[in-house]
Amino acid sequence: MAINLQKGQRENIDAPKFTIGLGWDTNSSSTGSAFDLDASIFILNDQKKLISDENFVFYNNLVSPDGAVEHTGDNLTGDGDGDDEQIKIDLTKADAKVNEICVVVTIHDAESRRQNFGQVRNSFIRIFDAVTNEVILKYELEEDFSIETAVEFGRIYKREGKWKFEAVGVGMKGGLQDYLNKYQ
């Protein structure tokens, strides 16, 4: 049975292999432009810094060097129900330097399209067993991010040899470059 998390809540992840599903709905009529939301993964060391540039996994770099993180590809529209983008995780392949995996969603060209997360609804992150499709954890973002153009949905981190998930739900006015600056 899935555990529904609240912002800031943490929970153990007892499965070494799982998929992260991210979903959202947009109101494109409010800006006249289609939305393109992008999921990105920052694989960090114990100093909260990218292990290497290749450990930034996104639509132009789909697999981490150790093979532990695989982005299944960019969904340009977000149309339809269910997950809009997915990330496959295999913690058994994770490099020994990996201490944290941050999951961020940004709005592509948000400034020029005059878009923000206030125009996005039904946002969620879920972790599920890819074999059984059983949902392990789910976090639905309920905040109204009226000026934010990027949101850290959650993070997977190692504590005392065990992997945990934290429902973060923190927005930022900025984009991918701002997160790269934060984690480099």
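Model, not experiment: these values are computed from the prediction. (Residues numbered from 1 in each chain as written. Predicted model: local features only at pLDDT ≥ 70, side-chain atom pairs only at ≥ 80, totals over all residues. Heavy atoms only, no water.)

Draft legend 1. Representation of the nonpolar core within the structure. I20, L22, V69, F117, I156 and F165 are the most contacted members of the largest nonpolar core, which has 37 residues in total. Of all elements in the fold, only β3 (17-26), β4 (37-44), β7 (85-90), β8 (100-107), β9 (120-128), β10 (135-140), β11 (150-159) and β12 (162-172) reach the threshold of two or more residues within this core. Ignoring anything within four residues of it in the chain, the contact list for I156 reads I13, F18, I20, N99, E100, I101, I127, W163, K164 and F165. Counting residues in hydrophobic clusters, the runner-up holds twelve residues, among them F42, F58, C102 and Y183. (Core = buried A, V, L, I, M, F, W, Y, C linked by side-chain atoms within 4.5 Å. Buried < 20%, exposed > 50% of the residue type's maximum accessible area, 1.4 Å probe, protein only. Helix = DSSP H or I, 4+ residues; strand = E, 2+ residues; numbered from the N terminus. Contact = heavy atoms within 4.5 Å.)

Draft legend 2. Summary view of the side chain of E85. Inspection of the secondary structure assignment puts E85 in strand β7. Although E85 lies buried, it forms no salt bridge, and the closest oppositely charged side chain, R113, sits 11 Å away as judged by the N-O distance. A distance of 3.2 Å separates a polar atom in the side chain of E85 from a polar atom in the side chain of H71. (Lys, Arg positive; Asp, Glu negative; His and termini not counted. Salt bridge = Lys/Arg side-chain N within 4 Å of Asp/Glu carboxyl O. Polar contact = N/O pair within 3.5 Å; in protein donor to acceptor, adjacent residues only side chain to side chain.)

Draft legend 3. How the structure looks around the side chain of S40. For S40, the position within the fold is in strand β4. S40 sits in the buried class, given a relative accessible area of 0%. In this structure S40 touches F56, V57, F58, C102, V103, V104 and L176, once residues within four positions along its chain are discounted.

Draft legend 4. Representation of helix α2 (residues 176-183) within the structure. Burial in α2 covers these residues: L176, Y179, L180 and Y183. Projected down its long axis, α2 carries its buried residues within an arc of 105°, all on one side. Contacts from the buried residues of α2 go to β4, β5 (56-57), β8, β11 and β12. (Arc of directions from axis to C-beta.)

Draft legend 5. Region of interest: the sheet that holds strand β1 (residues 3-5). If you walk across this open sheet you meet the six strands as β1-β10-β9-β3-β7-β6, and the pairing is mixed. Every interior strand has two partners, whereas the edge strands, β1 and β6 (69-71), have only one. Between one strand axis and the next, the sheet turns by 15° as a mean value, whatever way the strands run. Pairing analysis gives three bridges linking β6 to β7, with the strands arranged antiparallel. Within β7, the residue paired with H71 across the bridge is I87. (Pairing = 2+ DSSP bridges. Axes fitted to C-alpha atoms, helices over the stretch in contact; angles between N-to-C directions.)

Draft legend 6. How the structure looks around the environment of Q9. Its location among the elements puts Q9 in the loop between β1 and β2 (10-12). Here Q9 falls in the partly exposed class, since its relative accessible area comes to 28%. For the pair Q9 and S123, spaced 114 residues apart in sequence, the C-alpha separation works out to 17 Å. Ignoring sequence-local partners within four residues, the contact set of Q9 consists of N4, F165, E166 and A167.

Draft legend 7. Expanded view of the pattern of salt bridges. A complete count under the given rule lists eight salt bridges for this structure. In this structure, D90 engages K17 in a salt bridge whose closest nitrogen and oxygen atoms are separated by 3.9 Å. A residue pair is termed long-range when its members are at least 10 positions apart, and D90 in strand β7 and K17 in strand β3 qualify at 73 residues. Judged by its relative accessible area of 52%, K17 falls in the exposed class. The partner of R126 in a salt bridge is D83, and the shortest N-O contact between them spans 2.8 Å. Taken together, the positions of R126 in strand β9 and D83 in the loop between β6 and β7 put the pair 43 residues apart, joining distant regions of the chain. For the pair R126 and D83, a shared accessibility class is recorded, and that class is buried. Connected via shared salt-bridge partners are R10, K48, E100, R155 and E166.

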